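# Close look at the chain arrangement
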Amino acid sequence: MGIFPPVSDWDLRQRTGITYEQLQNFKAWGLICPTEDGPWSPESVARIQTLKSAAEHARTLPRRVLFLRATSPYMNVKAESLRRALLELLPSIRSPSKKMRRINALAVQLGQRNPVKNPMKAFPVPHRSEWLGIVRGTQDARLEASTQLACGLTHALMQLDLDEIPCEEVLALLTIRELVRPYPLLQQS
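Residues numbered from 1 in each chain as written. Predicted model: local features only at pLDDT ≥ 70, side-chain atom pairs only at ≥ 80, totals over all residues. Heavy atoms only, no water.

### Considering helix H9 (residues 167-180)
Taking 1.5 Å as the rise per residue, H9 with 14 residues should run 20 Å; its terminal C-alpha atoms sit 20 Å apart, in good agreement. Of all 14 residues that make up H9, 13 are buried, and the element is covered over most of its length. (Helix = DSSP H or I, 4+ residues; strand = E, 2+ residues; numbered from the N terminus. Expected span 1.5 Å × (residues − 1). Buried < 20%, exposed > 50% of the residue type's maximum accessible area, 1.4 Å probe, protein only.)

### So, the nonpolar core
Counting 52 residues, the largest nonpolar core has Leu 12, Phe 26, Leu 31, Leu 66, Leu 90 and Leu 157 as its most contacted members. Within the residue set of this core, elements represented by two or more residues are helix H2 (20-28), helix H3 (43-53), helix H4 (61-71), helix H5 (79-89), helix H6 (96-113), helix H7 (131-137), helix H8 (140-157) and H9. The element contributing the most residues to this core is H9, with eight residues. Beyond its immediate sequence surroundings of up to four residues, Leu 90 is in contact with Trp 131, Leu 132, Val 135, Ala 172, Leu 173 and Ile 176. (Core = buried A, V, L, I, M, F, W, Y, C linked by side-chain atoms within 4.5 Å. Contact = heavy atoms within 4.5 Å.)

### A look at the side chain of Arg 69
Among the structural elements, Arg 69 can be located in helix H4. Although Arg 69 lies buried, it forms no salt bridge, and the closest oppositely charged side chain, Glu 144, sits 8.1 Å away as judged by the N-O distance. Other than its neighbours up to four places away in sequence, Arg 69 contacts Met 75, Asn 76, Val 77, Leu 82, Thr 147, Gln 148, Cys 151 and Leu 171. (Lys, Arg positive; Asp, Glu negative; His and termini not counted. Salt bridge = Lys/Arg side-chain N within 4 Å of Asp/Glu carboxyl O.)

As structure tokens, then:
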């Protein structure tokens, strides 16, 4: 047992003001996990409060998962939850091709400002009809790594003018971009 005793379901719901259904939903999404010592760790209270406060920015749970992944460094989610959130969010994006072109152009522009040896270059992004298949067909480790790279770029792009594209949509579109980005060094082997 850790320094603090585990928290029961009832106590967790009382401390956070969530319903039993919400608790089960957060658990099903892998956003909170029971401990080995008991039902919930005290950190689960803070995690649920973070999930609840994110509802102001991202109403649905898939959007909230991606919003928190982009904005909260300690809010790691497993590949299964990332995949599920992407698969539910991508079809709901309005004008996705237009937003992808805008984000791609800004990513290239940002890469050209950065004095690194290999700046980002423009490359074709598949049509939106292919995006769900790309997400479904990607291995967990690659999905997590691509999302991690996309998080860094999301943070940088959110400082620019994105024509009111929500943060979670920026992350979703950048994740697609990272999943299909050509890596010449990897292709040579």
